[in-house]
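In case you want the letters, here they are:
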Amino acid sequence: MATPDFNLLVTLDVLLTEGSVAGAARRLRLSPSAMSRALARLRKTTGDPLLVRAGRGLVPTPRAIALREQVGQLVQDAEAVLRPAKKLKLKQLVRTFTLRTREGFVENFGPGLIARVSEEAPGVRLCFVQKVDKDSAPLRDGTVDLETGVVGTTTAPELRVQALFRDRFIGVVRKGHPLSRGEITPARYAAGRHIGVSRRGLGAEPVDDALKPFGLEREIVTMVSGFSAALALARACDLIASVPERHTGNLRAGMHSFALPVPMPEITVSLLWHPRLDADPAHRWLRGCVRDVCAGQRPDAQASRAVKPA
């Protein structure tokens, strides 16, 4: 069956409202003959005469009377779909957004983001879920609205990406740890007892590659799956945690942070979302909130950026 011409719905709506070919032609800015041809097409499509002669005018058939309200609503709904979205009224917005982030993001940026959202849109609720892998499926299937992280080779190519901030890895120890005093060289850093961080519990970290040119290797005493666990251990004993600076600012409170004594590339933490939400006004507003909050967060001044020679 051929797909019907949906433009005929608008013509039918006007014809049934006006009750005359001439009146409908004027409203649609068509000639009477063009409107007569459109009525003929409608009669053929619906299998009903729709408007029939009664004296000098036209009257609707029972089918036309039955269709009148339904067609009018269909046209209104179609116009609403095609009309540009109304201006977002944040105070009236009621919605829950799910954000998938690595640990540390909520602790550092969550309070500011929640305060901003609560002030501008009190009906909006943020749901934070832990990012345990780089699988893009949650963004694709709509279970996650926004995600933060480092873009990798497994990131779905269709996702929208916007950089949030640059970050770098630093060393962290408890107050009173030997590395909290004196110059930290690559040899002194490598000689300490370290905490490895890996989601899967295996594999070298970027700092291990950075130590190789110096002929050095860390002693990994234990492995944990996340930065908060690494910092909790480092806070309680003489172990060294190597973590991203901005992502762990609040988690490192009361600890000693220092620049790693080997050249380390910075990482870019980005905001990711699916393109189907790109033009959504509420989603666009939330993206702006996340960007603003992250831009206002400053690195910990304790960790000097100087790199000491071996």
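Relevant structure appears above.
Criteria and thresholds
Every chain is numbered on its own, with residues counted from 1 as its sequence reads. In keeping with the predicted nature of the model, local features appear solely for residues at pLDDT of at least 70, side-chain atom pairs appear and are counted solely at 80 or more, and the whole-chain, interface and lining totals rest on all residues. Side-chain numbers come from the whole structure's heavy atoms, not from hydrogens or water. Where helices and strands are cited, they refer to DSSP runs of H or I of at least four residues and of E of at least two residues respectively, numbered from the N terminus. Each radius of gyration reported is based on C-alpha atoms, and the globular scaling rule is 2.2 Å times the count of residues to the power 0.38. The buried label applies to any residue whose accessible area, calculated with a 1.4 Å probe on protein chains only, is under 20% of its type's maximum; exposed applies above 50%, and partly exposed to all values in between. In this description, contact between two residues means that some pair of their heavy atoms is separated by no more than 4.5 Å. The Shrake-Rupley method, run with a 1.4 Å probe, gives the accessible areas here. Residue values count only the displayed protein chains as cover. Two strands pair under a simple rule: DSSP has to find at least two bridges between them. Every axis in this analysis is a line fitted to C-alpha atoms, fitted for helices over the stretch in contact. Angles between the N-to-C directions lie between 0 and 180 degrees. Working rule for angles: under 35 degrees goes down as roughly parallel, over 145 as roughly antiparallel, 65 to 115 as roughly perpendicular, anything else as oblique. For this scheme, ten residues count as nonpolar: Ala, Val, Leu, Ile, Met, Phe, Trp, Tyr, Cys and Pro. Four count as charged, namely Asp, Glu, Lys and Arg, and the remainder, Gly too, count as polar. We call a crossover right-handed when, viewed with the strands running away from us, the connection from the first strand over the helix to the second turns clockwise. The sense of a crossing depends on the near helix, which, turned anticlockwise from the far helix by less than a right angle, makes the crossing left-handed and, turned clockwise, makes it right-handed.

**Student:** Quick question: what am I supposed to make of the overall build of the protein chain here?
**Tutor:** On a plain count of helices and strands, the protein chain comes out with ten helices and twelve strands. Scaling as 2.2 N^0.38, a compact globule of 310 residues should have a C-alpha radius of gyration of about 19 Å, whereas the protein chain reaches 32 Å, well beyond that. Summarising its shape, the C-alpha atoms of the protein chain cover approximately 105 × 40 × 25 Å along the three principal directions. Taking all 310 residues of the protein chain together, 42% fall into the buried category. By sequence separation, contacts in the protein chain at least 24 residues apart represent 75% of the contacts at least 6 residues apart. Summed over its atoms, the accessible surface of the protein chain is roughly 16,800 Å², and 55% of this surface lies on carbon and sulfur atoms.

**Student:** Even after reading the chapter, I still don't get the side chain of R102, so can you show me in this structure?
**Tutor:** In this structure, R102 sits in the loop between β3 (95-101) and α5 (105-120). The contacts of R102, once residues within four sequence positions are left out, are K131, T148, R199, F227 and H247.

**Student:** Got a minute to help me understand the sheet that holds strand β10 (residues 240-244) in this structure?
**Tutor:** What links the strands of a sheet is backbone hydrogen bonding, and the strands pair in either a parallel or an antiparallel sense. As summarised here, the arrangement of the five strands in space is β9-β8-β10-β7-β11, forming an open sheet in which the pairing is mixed. Each end of this open sheet is capped by a strand with a single partner; those strands are β9 (219-224) and β11 (256-259). With direction set aside, neighbouring strand axes in the sheet form an average angle of 35 degrees. Here strand β7 (residues 169-173) pairs with β11 via four bridges, running antiparallel. Bridged to I170 within β11 is A259. Across the face of the sheet, helix α9 (residues 227-236) comes into contact with β7, β8 (193-197), β9 and β10 while running at roughly 145 degrees to β10.

**Student:** How should I be thinking about the packing of helix α2 (residues 21-28) against helix α3 (residues 32-46) in this particular structure?
**Tutor:** The geometry of a pair of packed helices is captured by two quantities: the angle between their axes and the separation between those axes. For the pair α2 and α3, interaxial distance at closest approach is 9 Å and the crossing angle is 110 degrees. In terms of orientation, α2 lies roughly perpendicular with respect to α3. Along the contact surface, α2 presents V21, A24, A25 and L28, while α3 presents P32, M35, S36 and L39. The residue makeup of the contact of α2 with α3, split by class, is seven nonpolar, one polar and no charged.

**Student:** Where do I start with the sheet that holds strand β12 (residues 267-273) in this structure?
**Tutor:** As summarised here, the arrangement of the five strands in space is β4-β3-β5-β12-β6, forming an open sheet in which the pairing is mixed. Two strands bound the open sheet, and with one partner strand each, they are β4 (124-130) and β6 (160-167). In this sheet, adjacent strand axes meet at a mean angle of 20 degrees when their direction is disregarded. When β3 meets strand β5 (residues 146-149), the two strands line up parallel, connected through two bridges. Residue pairing in the sheet places L99 in a bridge with L146 of β5. Across the face of the sheet, α5 comes into contact with β3, β4, β5 and β6 while running at roughly 170 degrees to β4. Set on the sheet, helix α10 (residues 281-295) makes contact with β3, β4, β5, β6 and β12; between it and β3 the angle comes to about 45 degrees.

**Student:** Would you explain the pairing of β3 in this entry?
**Tutor:** Consecutive side chains along a regular strand alternate between the two faces of the sheet. Taking burial as the measure, the seven residues of β3 include five buried ones, the bulk of the element. Relative to β4, β3 is paired through seven bridges, and the arrangement is parallel. Looking at β4, one finds that T98 is bridged to C127. Once the chain exits β3 it traverses α5 before rejoining the sheet at β4, and the crossover so formed is right-handed.

**Student:** Please clarify how the packing of helix α1 (residues 7-18) against helix α4 (residues 62-82) should be interpreted in this entry.
**Tutor:** Relative to each other, α1 and α4 sit at 125 degrees, their axes nearing to 9 Å. Considering their axes alone, α1 and α4 lie oblique with respect to each other. Once α1 is placed against α4, the crossing between them reads as left-handed. Taken together, the residues of α4 that come into contact with α1 (itself represented by L9, V10, L12, D13 and L16) are A64, L67, R68, V71, G72 and V75. Split into classes, the residues belonging to the contact of α1 with α4 amount to eight nonpolar, one polar and two charged.

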